[in-house]
Amino acid sequence: MNGFTRNQLEIGSKQPVHKYKLCNKCEEMRPPEGGIELSPTRWSCSTCWANRVTVRNLLNAKTKAEGTLKKN
Ligand SMILES: [Zn+2]
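Residues numbered from 1 in each chain as written. Predicted model: local features only at pLDDT ≥ 70, side-chain atom pairs only at ≥ 80, totals over all residues.

### Concerning the overall build of the chain
To keep it simple, the criterion reads: Helix and strand definitions here come from DSSP, where helices need a minimum of 4 consecutive H or I residues and strands a minimum of 2 consecutive E residues; each element is numbered from the N-terminal end. Buried, partly exposed and exposed are defined by the number of other C-beta atoms within 10 Å of a residue's own C-beta, namely 20 or more, between the two limits, and 12 or fewer respectively, with C-beta atoms placed from the backbone.
For the chain, the count of helices and strands is 2 helices and 4 strands. Taken from the N to the C terminus, the helices and strands of the chain come in the order α-β-β-β-β-α. Here the chain holds 72 residues, and 4% of them are scored as buried.

### Quick notes on unusual backbone geometry
Its identity as a non-glycine residue notwithstanding, Glu27 has a phi of 55°, on the positive side. The topology assignment puts Glu27 in the loop between strand E1 (21-22) and strand E2 (29-30). The exposure class of Glu27 is exposed, given the 8 C-beta atoms found within 10 Å.

### Some thoughts on the confidence of the model for the chain
Cut-off, in case you're wondering: Confidence scores here are pLDDT values: one per residue, from the predictor, ranging 0 to 100.
On average, residues of the chain score 80 in pLDDT, and 72% of them reach the 70 mark or higher. In the model of the chain, helix H1 (residues 2-13) stands out as the element of lowest mean pLDDT, 58, in contrast to strand E4 (residues 42-44), which has the highest, 95.

### Considering the pairing of strand E3 (residues 36-39)
Sheet faces and side chains relate simply in a regular strand, where the side chains alternate between the two faces. Convention followed: The pairing criterion is simple: DSSP has to find at least two bridges between the two strands.
Examined bridge by bridge, E3 and E4 share 3 bridges and lie antiparallel to one another. What sits directly across from Ser39, in E4, is Arg42. Hairpin remark: E3 followed by E4, antiparallel, with 2 residues in the connecting loop.

### A closer look at the environment of Glu37
Among the structural elements, Glu37 can be located in strand E3. A residue is classified by how many C-beta atoms lie within 10 Å of it, and Glu37, with 11 of them, is exposed. A sequence separation of 14 residues divides Glu37 from Cys23, and the C-alpha atoms of the two residues are 9.5 Å apart.

Here it is as structure tokens:
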């Protein structure tokens, strides 16, 4: 009976009640939808991932603009 009870508890713990994951960027619990798993221990929520991509695009645009200015 102990094994049966334990199985029931394990099944219960897998219910999607608290499916939020801890984001390593903003350090908040976020819904997993849209998030990116950077590694088995690191996860980024969709908001932080979007911000990261945006920042990179802005940096690239800035670098290209500066390069154009130097050439001219
Ligand atoms: Zn985040």
